[in-house]
Amino acid sequence: MGISGYQGKILEINLSTGAIKVEPLDPQDAILYLGGRGLGTKLLYDRIDPSTDPLGEGNVIVIATSPLVGSKAPTSARGHMVYKSPLTGYIGTSNSGGAWAHTLKATGYDALIIRGQAAEPVFIDLSPEKVEILSATNLWGKTTHETTDILTAESSPGNFYRALAIGPAGENLVRYAAVANDKNRVYGRCGPGAVFGSKKLKAIRVRGQEKITIADEAGYRSGLDQALYLMKQAPITKRLMRELGTAGLLLLINLISMLPHRNFLDVEHDENKLEKVSGEYLARNYLEKAGSCYLCPIGCQRHTRVKIPDGSEKKGEGPEYETIVMTGPVCDIYDPEAIIRANYLANELGLDTISFGGTVACAMELFEKGYLTPDKTSGLEVKFGSSGLLEKLVELTAYRQGLGDLLAEGSYRLAQACSHPEVAMQVKKLEIPGYDPRASYAQALGYMTSPTGACHLRGGYAVSLAFFGGTREIPRFSLLQSPIAIRNMQNTGILQDSLGICRFTGFAFSVEPWARIASGITGQDFSTIRLEEIANRIAALERLFNLEAGLNPEEEDLLPARFSEIAIMAEGQPRLITRDNMLQMRRDYYKSRGWNEEGRLSQPLLGQMKIEKKMEPES
């Protein structure tokens, strides 16, 4: 008998052979790993050699939903994609909103597993009635928007198609290529688009109306009512995100000396320039309307318009906070129109703007220091502040032309090619996002210990701990409190990703309402205690995957040396993260996870977590 909230089926497609098979969802996997990120990680680990080439036939893509997807729980329409990252070589996880994942669940499957490599470009057409692998030769070379328009043209009222697609960046194996759904919602970080491209998989089209059952309507409703009430009371979910979107955080982050500048060399900005890339300025000058993902009462999407060089206007979505910071101040650029146009183009061509911006900033510093020479830049003067180059660099990167071929490899490989790896601001080869780690010890530790590399989401969004965490608030320069705090934040993020809900709900409440909703939908014990066990189990399995993929914790669970050598001013004092600080926090973090002093997992711990390993871990 199946579990309420789940469709009870997993679809597996092998692009090498064309084989399509449906398997029942193992109820034990659902109970131990919940859904989304957790279920996806378990399904991936069971089907992949962690040492496989990320761009080879052996890589596997898993897209998983959760038992909340298909319910009326707020923001519960997110999907999670898991694979081996071509950028980092370790586990890649990407999360996206919109409506595509909701429709995937409505096809009658809890997860889609994609193996192998097609000989020619293909797309997958998926509905309750059929599953087909169809030719995409007519779509190859098209943008994410063009592909989406073509594949959804047959939509009719009550019979909507949703498309998930890569653009030229994925086709050209840019290591941080994204996969777009609903045109501008993206599975962004870690390079899933390159994995799609390596498999010659252009798109996945879904259509369906399959429903889920709810085991305990009263229990589910009690949690649902509580969640909606709290979201209407919290200032960030009630007002800030709706009025300004994520860009509304920019001036706040600058106020607390956390907004990076010039490839993380400092956090000093010209206030007059900075105001022109703020959420307030964007709302006054470029915003058309707010929007939202399916079932989201927050409404943080920004539908914007901007003039293009020929004098006409172009419309699109964004830019989000991360895009503004990484293609803006981190590159010493404060031109809002250049940032908006580059963001539109990145969405169409399929690039992760965080890694793109971080790589461009790395190139700018390398160029100004003479390490990246003109013969490698196709004659372009890639200097800080070069706003006129942004769109050009997006295009060159997506098509791997000239300098773009180097930028497409990410900052780590770019800096290595210039014999100056210290200029790359990355952890585990993933570019650091728009929060300077020197301004928060917890955020620093989150970047260091994130399973995917430098990610503010997988690593734990520590900004909320220091400034709007309510009863969870901690001092941001506490070496003693940061390890436990960031573990807890990471666990909350794991649960949000596994429940299929938005991170922004965490600004209104913690896990308790979700525990009631999940328990009510499924009829299972997903109490807060049980959810904490699940989060710890998922964290352990992600770590095990990385260790088996070759992770060296001693060298890779660290920040770049810059953050221990160049101080910033915060709260009236110079701030560094010394190597001793890093080692102390890392040691205490490992201990809080039950890992050994080298950051490895013992067999007794894996047994306690109910994890069956592939390789013998060190005890």
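Since the structure is predicted, the reported quantities are computational estimates derived from the model, not experimental observations.

Cut-offs applied
- Residues numbered from 1 in each chain as written.
- Predicted model: local features only at pLDDT ≥ 70, side-chain atom pairs only at ≥ 80, totals over all residues.
- Heavy atoms only, no water.
- Helix = DSSP H or I, 4+ residues; strand = E, 2+ residues; numbered from the N terminus.
- Rg over C-alpha atoms; globule rule 2.2 N^0.38 Å.
- Buried < 20%, exposed > 50% of the residue type's maximum accessible area, 1.4 Å probe, protein only.
- Pairing = 2+ DSSP bridges.
- Axes fitted to C-alpha atoms, helices over the stretch in contact; angles between N-to-C directions.
- Contact = heavy atoms within 4.5 Å.
- Disulfide = S-S within 2.5 Å.
- 1 Å grid on protein atoms, 1.4 Å probe; cavity = no way out; pocket = protein on both sides within 12 Å on 5 of 7 lines; lining within 4 Å.
- Points joined across faces, edges and corners; volume = space filled by probe spheres on them.
- Domains from an automatic or database assignment.
- Polar contact = N/O pair within 3.5 Å; in protein donor to acceptor, adjacent residues only side chain to side chain.
- Buried area = accessible area lost by both parts, 1.4 Å probe.
- Salt bridge = Lys/Arg side-chain N within 4 Å of Asp/Glu carboxyl O.
- Expected span 1.5 Å × (residues − 1).
- Parallel < 35°, antiparallel > 145°, perpendicular 65-115°, else oblique.
- Left-handed = near helix turned anticlockwise from the far one by under 90°.
- Nonpolar A, V, L, I, M, F, W, Y, C, P; charged D, E, K, R; others polar.
- Phe/Tyr/Trp six-rings, centres within 6.5 Å; stacked < 30°, edge-to-face > 60°.
- Lys NZ or Arg CZ within 6 Å of the ring centre and 35° of its normal.

Bringing the overall build of the protein into the picture now. What the protein contains, in helices and strands, is 26 helices and 19 strands. Computed over C-alpha atoms, the radius of gyration of the protein comes to 23 Å, within 12% of the 25 Å expected from 2.2 N^0.38 for 619 residues, which places it in the range of a compact globule. Over its C-alpha atoms, taken along the principal directions, the protein stretches across nearly 65 × 55 × 50 Å. Taking all 619 residues of the protein together, the buried fraction comes to 64%.

Let us look at the sheet that holds strand β6 (residues 111-115). What holds strands together in a sheet is hydrogen bonding between their backbones, with the strands either parallel or antiparallel. With respect to topology, six strands assemble into an open sheet ordered β2-β1-β6-β3-β4-β5, the strand pairing being mixed. Of all the strands in the sheet, the pair left with one neighbour each is β2 (20-24) and β5 (91-96). The mean inter-strand angle of the sheet, taken between neighbouring strand axes irrespective of direction, is 15 degrees. Of the pairings in the sheet, the one linking strand β1 (residues 9-14) to β2 comprises five bridges and is antiparallel in character. Considered in β2, the bridge of I13 is made with I20. Contacting β1, β3 (61-64), β4 (79-84), β5 and β6, helix α2 (residues 36-45) runs over the sheet at an angle of about 30 degrees to β4.

Our focus in this paragraph is the state of the cysteines. Enumeration over the complete set of coordinates arrives at zero disulfides. Looking at the unpaired C502, the closest cysteine sulfur is the one in C296, lying at 5.9 Å. Residue class for C502 comes out buried when judged on its relative accessible area of 12%.

Volume-wise, the largest pocket comes out at about 490 Å³. Lining the largest pocket are 24 residues; nearest its centre among them are H102, A106, G208, K211 and Y294. Elements with a contribution of two residues or more to the lining of the largest pocket: α3 (100-106) and α7 (217-233). Within this model, the second largest pocket holds a volume of roughly 320 Å³. Forming the boundary of the second largest pocket are 16 residues, of which Y412, Q426, E555, L558 and P560 lie nearest the centre. Counting residues domain by domain, the lining of the second largest pocket receives three or more from each of domain 2 (241-431) and domain 3 (437-608).

Relative to the helices and strands, G223 resides in helix α7. For G223, a relative accessible area of 0% puts it in the buried group. The residues contacting G223, other than those within four sequence positions of it, are P513, R516 and I517.

What follows deals with the side chain of S85. Within the fold, S85 resides in the loop between β4 and β5. With relative accessibility at 0%, the residue S85 sits in the buried group. Within polar-contact distance, the side chain of S85 engages the backbone oxygen of C190 at 2.7 Å. Ignoring sequence-local partners within four residues, the contact set of S85 consists of P54, Y90, I91, G92 and C190.

Here we come to the domain arrangement of the protein. When cut into domains, the protein gives domain 1 (9-206), domain 2 (241-431) and domain 3 (437-608). The C-alpha-based centres of domain 1 and domain 2 are spaced at 26 Å. Taken together, the two surfaces of domain 1 and domain 2 that pack against each other cover about 2800 Å², and 55% of this comes from carbon and sulfur. For the domain 1 face of the interface with domain 2, the top three residues by lost area are L87, Y176 and R189, together amounting to 26%. For the pair domain 1 and domain 2, the interface holds three salt bridges.

In this section: helix α14 (residues 353-368). Taking 1.5 Å per residue as the helical rise, α14 with its 16 residues ought to reach 22 Å, and the 22 Å between its terminal C-alpha atoms agrees with that figure. Buried residues dominate α14, accounting for 15 of its 16 residues. Among the residues of α14, the N-terminal cap falls to D352, whose side-chain oxygen and the backbone nitrogen of I354 are separated by 3.1 Å. Once α14 ends, the next one or two residues include G370, with phi positive near 85 degrees.

Right, let's get into the sheet that holds strand β15 (residues 313-317). Taken in spatial order, the three strands of this open sheet run β13-β14-β15, and their pairing is antiparallel. Of all the strands in the sheet, just β13 (287-291) and β15 have a single pairing partner and so form its edges. Ignoring which end each strand starts from, the neighbouring axes of this sheet average 20 degrees apart. Where β13 meets strand β14 (residues 301-307), four bridges bridge the pair, whose relative direction is antiparallel.

Moving on: the packing of α7 against helix α21 (residues 512-522). At their nearest, the axes of α7 and α21 sit 7 Å apart, and the two run at 150 degrees to each other. Considered as vectors, α7 and α21 are oriented roughly antiparallel to each other. For the pair α7 and α21, the sense of crossing is left-handed. Facing G219, Y220, S222, G223, L224, Q226, A227 and L230 of α7, the residues of α21 in contact are E512, P513, R516, I517, G520 and I521. Of the residues contributing to the contact of α7 with α21, the split by class is seven nonpolar, five polar and two charged.

Another aspect to go through is the pattern of salt bridges. In this structure the tally under the stated criterion is 45 salt bridges. Of the charged contacts in the structure, one is a salt bridge between D125 and R205, with a shortest N-O distance of 2.8 Å. Of this pair, D125 sits in strand β7 (residues 122-126) while R205 sits in strand β12 (residues 201-206), and the two are 80 residues apart along the sequence. Here the two residues D125 and R205 agree in accessibility, since each one is buried.

A full pass over the atoms with the stated rule returns 10 aromatic pairs. Relative to F563, the ring of F264 lies with its centre 5.9 Å away and its plane at 85 degrees, an arrangement referred to as edge-to-face. Within this pair, whereas F264 is found in the loop between α9 (250-255) and α10 (271-275), its partner F563 is found in helix α24 (residues 562-565), the two being separated by 299 residues in sequence. In this pair, the class of F264 matches that of F563, namely buried. Taken together, the ring pairs connect Y321, Y435, Y461, F504 and F507 into an aromatic cluster. Above the ring of Y109, the side-chain terminus of K9 is found at 4.8 Å from the ring centroid.

Applying the stated criterion to the full structure yields four cavities of 30 Å³ or more. As a volume, the second largest cavity reaches approximately 110 Å³. As for the second largest cavity, its lining consists of 15 residues, of which T449, P451, A539, E542 and W595 are closest to the centre. Residue assignment for the lining of the second largest cavity shows that the elements contributing at least two residues are α20 (482-499), α22 (528-548) and α25 (579-593).

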